[in-house]
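Chain and residue survey
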Amino acid sequence: MKRVVPHVAMLCWGVVTALPLLWAVLSSFKTDQQILTDPWSLPTTPHVENWSRAWNQADIGRYFLNSLVVVGGGLILTMLLGALVAYALARYDFRGNRIIYYTFVAAMFFPVFLALVPLFFVVQQLGLLGTYPGLILVYAAYAVPFTVFFLHSFFRTLPGEVAEAAFMDGCSHAGVFFRVMLPMARPGLVAVGIFNFLGLWNQYLLPLVLNPDPDRYVLAQGLASLSVSQGYRSDWSGLFAGLTIAMLPVLIAYVAFQRHIRAGMTAGAVK
Amino acid sequence: MKHGRLRFLFGALVPALVLHVVFVLSPYAQAFYLSLTDWTGVAGEAHYVGAGNYARLGGDSLFLDAVRNNAVMLVVVPIVTLGLGLFLASMLHLGGRDGRSGIAGSKVYQIVYFFPQLLSLVIVAVLWSFIYNPNTGLLNGVLRGIGLGSLARSWLGDPDLALPAVMAVLVWSSAGFYMVLFSAAIDGIPKELFEAALLDGAGRWDTFRRVTLPLVRDTVQVGFVYLGITALDGFAVVQVMTAGPGGPDGATEVIGLSLYRNAFTYGKFGYASAMGVALFFATLTLAVLALRAGRKERVELA
């Protein structure tokens, strides 16, 4: 009896977690008629056209590519700048080092909502409202503080001998960073990189305010506006297909990098 | 070498610092100033109004609804999420033979449980707005299917149920994540402690209360801060899921939503900034309280 309770509890939450997701995926293959009259049935024939309708007519494809560009750019910039700052602050002694470090770290304690209004006008005055570069720069600016915080302690723990040997061999400072220290910091970079990717991919508030042009909507924005417009049109199957398409890349990444992602996320939380 | 060092440091720090000052520090600083003005977005037309915006916050019934709702979420969401996460993690370990190793299939459970945490809250909110749909939604469908059709409700349309429905979504999206986190913490507890407890004749409940719970305290504390910040936000879920958004009748209004509406719908940028400052102090208080609570009584493992 004592053995049964834990199994039942685990199974219950498993169903609560998985059922909504499965239901959405199944519904994306059904007709509107089937969804409305019989939400429980399995799709009789898989209506793949829901997916192509969502991808093409409902612009999910375009939102997807927009997300790819903005998140890709933001992630590369974040990792490059974050690693450079963290390394410079962790391995070099100079006046103002601590102040710069705390300037970055302090930003993690401020809610983004506080910056929202002035940020809108800063981006507008730079002529970057609704542009890819604008979003990429802002994404990076808000992801760098945590990246610095995380990698700073990581670079501190790396042994210094290899770097010293490289200096002896005439390697430049930048050379030591890119060719010696960065490869050694790989586990840390992967962990914080995954954390940042998920954070940026799921970003909603910043694009909502800074990216008003529907042609450049990122996936989260597009899906939110779609849920309103398709609701009016009662194209439920198309909406479920869009929802499933939006979940798919995260699911694929999760299955492929399952261990890394769990390690990265838990490390990010415990820090 | 000396020269190269300076050039490298300059190149490594300056681009990031420029980005940080322009897009992060200056907006934060400006927000404090703007909150003391009546600015409506016209350049040069910001008049100093002192604490006027803050005084008006106290009489803004929708904002007060938002504060109340965020306060409720701040208490309920972390407690339920962490409680559930801890319960599931201990079930995972209790089910094992020695009261510690995982039960059969524990790897699969962890994989499934973790997944919702990875999804954007927008995706989660769109999904759950279908689930809550009174006519075609999954929830009422399940209730009718198992003969509890009388419990079927208009979940997001009922002012008494809308906020709990929103909170349930937040709990759903992260309880599994905390279960994995707690599970890892329990794995880190030395086996000897459990064996000693068993030898002393402690039951499973006693073992959980006396051994497990004190040793996962740090995880609970971190989780509280993270979930507290999530609960003080709540913007994405409410904005996507609820009527209005924030309805019905302010039942799901949150501070972020009030701020967003006042700024970008009404153009009251000074007033909205005052809400931002209020939110900042709420977040700061939360962080300080959590850190202070954590300092006392920490259990050291040799």
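Residues numbered from 1 in each chain as written. Chains lettered and ligands numbered in written order. Predicted model: local features only at pLDDT ≥ 70, side-chain atom pairs only at ≥ 80, totals over all residues.

1. Section: the overall build of chain A
Within chain A, the secondary structure is distributed over 14 helices and zero strands. Along its sequence from the N terminus, chain A presents helices and strands in the succession α-α-α-α-α-α-α-α-α-α-α-α-α-α. Along the longest, intermediate and shortest principal axes, the C-alpha atoms of chain A span 75 × 60 × 35 Å. Expressed as a percentage of its 271 residues, the buried residues of chain A come to 45%. Expressed as a percentage of contacts within chain A between residues at least 6 apart in sequence, the contacts between residues at least 24 apart total 75%. (Helix = DSSP H or I, 4+ residues; strand = E, 2+ residues; numbered from the N terminus. Buried ≥ 20, exposed ≤ 12 C-beta atoms within 10 Å, placed from the backbone. Contact = placed C-beta atoms within 7 Å.)

2. With respect to the overall build of chain B
A tally of regular secondary structure across chain B gives 13 helices and zero strands. Helices (α) and strands (β) of chain B occur, in sequence order from the N terminus, as α-α-α-α-α-α-α-α-α-α-α-α-α. By the compact-globule yardstick of 19 Å for 302 residues, chain B is too spread out, its C-alpha radius of gyration being 24 Å. Each principal axis of the C-alpha atoms in chain B carries an extent, and together these give about 75 × 75 × 35 Å. Taking all 302 residues of chain B together, the buried fraction comes to 46%. Relative to all contacts within chain B whose residues are 6 or more apart in sequence, the contacts with residues 24 or more apart total 70%. (Rg over C-alpha atoms; globule rule 2.2 N^0.38 Å.)

3. A closer look at unusual backbone geometry
Residues and elements named next belong to chain B. Here the phi dihedral of Asp249 falls at roughly 55 degrees; this positive angle occurs in a residue that is not glycine. Following the sequence through the fold, Asp249 ends up in the loop between helix H11 (235-241) and helix H12 (255-264). For Asp249, a count of 13 C-beta atoms within 10 Å translates into the label partly exposed.

4. Side note on the nonpolar core
Of all hydrophobic cores here, the largest spans 167 residues; its most connected members are Val85(A), Val122(B) and Ala125(B). It is helix H7 (residues 159-187) of chain B that contributes the most residues to this core, 18 residues altogether. When sequence neighbours within four positions are dropped, the list of residues in contact with Val85(A) reads Phe104(A), Val148(A), Ala12(B), Leu13(B) and Ala16(B). (Core = buried A, V, L, I, M, F, W, Y, C linked by C-beta atoms within 7 Å.)

5. Structural notes on the interface of chain B and chain A
The parts lose accessible area when they come together, and the size of an interface is often stated as this lost area. With 69 residues of chain B at the interface, the matching set in chain A holds 66 residues. In terms of residues, the side of chain B that touches chain A owes the most to one element, helix H1 (residues 2-34) of chain B, which gives 19 residues. Split by residue class, the side of chain B that touches chain A holds 53 nonpolar, 15 polar and one charged. (Nonpolar A, V, L, I, M, F, W, Y, C, P; charged D, E, K, R; others polar.)

6. Considering the packing of helix H13 (residues 236-256) of chain A against helix H5 (residues 121-131) of chain B
One way to put it is that H13(A) packs onto H5(B) with a least axis distance of 11 Å and a crossing angle of 145 degrees. Here H13(A) and H5(B) pass one another in a crossing that is left-handed. On H5(B), the residues touching Leu243(A), Ala246(A) and Met247(A) of H13(A) are Ile123(B), Val126(B) and Leu127(B). For the contact of H13(A) with H5(B), the residue count by class is six nonpolar, no polar and no charged. (Axes fitted to C-alpha atoms, helices over the stretch in contact; angles between N-to-C directions. Left-handed = near helix turned anticlockwise from the far one by under 90°.)

7. Here we look at the environment of Leu22(A)
All names here are of chain A. As for its position among the elements, Leu22 is in helix H1 (residues 4-27). With 11 C-beta atoms packed within 10 Å, Leu22 lands in the exposed category. The spacing of Leu22 and Ala246 is 224 residues in sequence and 14 Å in space, taken between C-alpha atoms.

8. Some remarks on the packing of helix H6 (residues 112-125) of chain A against H12(B)
At a closest axis distance of 10 Å, the pairing of H6(A) and H12(B) adopts a crossing angle of 5 degrees. As judged from the angle between their axes, H6(A) and H12(B) are roughly parallel. On the side of H6(A), the interface is formed by Phe113(A), Leu116(A) and Val117(A), while H12(B) contributes Gly256(B), Leu259(B) and Ala263(B). Taken together, the residues of the contact of H6(A) with H12(B) sort by class into five nonpolar, one polar and no charged. (Parallel < 35°, antiparallel > 145°, perpendicular 65-115°, else oblique.)

9. Thoughts on helix H8 (residues 161-168) of chain A
Where burial is concerned, little of H8(A) is hidden: zero out of the eight residues are buried. One or two steps after H8(A), the chain reaches Gly170(A), where phi turns positive at roughly 90 degrees.

10. Let's talk about H5(B)
It helps to recall that an α-helix has 3.6 residues per turn; residues three or four apart then point in one direction. With 11 of 11 residues buried, H5(B) lies mostly within the body of the structure. Within the sequence span of H5(B), burial applies to Leu121(B), Val122(B), Ile123(B), Val124(B), Ala125(B), Val126(B), Leu127(B), Trp128(B), Ser129(B), Phe130(B) and Ile131(B).

11. Details of the environment of Gln221(B)
Residue and element names in this part refer to chain B. The topology assignment puts Gln221 in helix H10 (residues 217-233). Classification of Gln221 as partly exposed rests on a count of 17 C-beta atoms within 10 Å. Sequence separation between Gln221 and Ile186 is 35 residues, and the spatial gap between their C-alpha atoms is 15 Å.

12. Let's talk about the confidence of the model for chain B
All names here are of chain B. Put simply, chain B has an average pLDDT of 84, and 92% of its residues get 70 or more. When mean pLDDT is taken per element in chain B, H12 scores highest with 92 and helix H9 (residues 204-215) scores lowest with 79. Here the predicted complex scores 0.87 on pTM and 0.86 on ipTM. (pLDDT = per-residue confidence, 0-100.)

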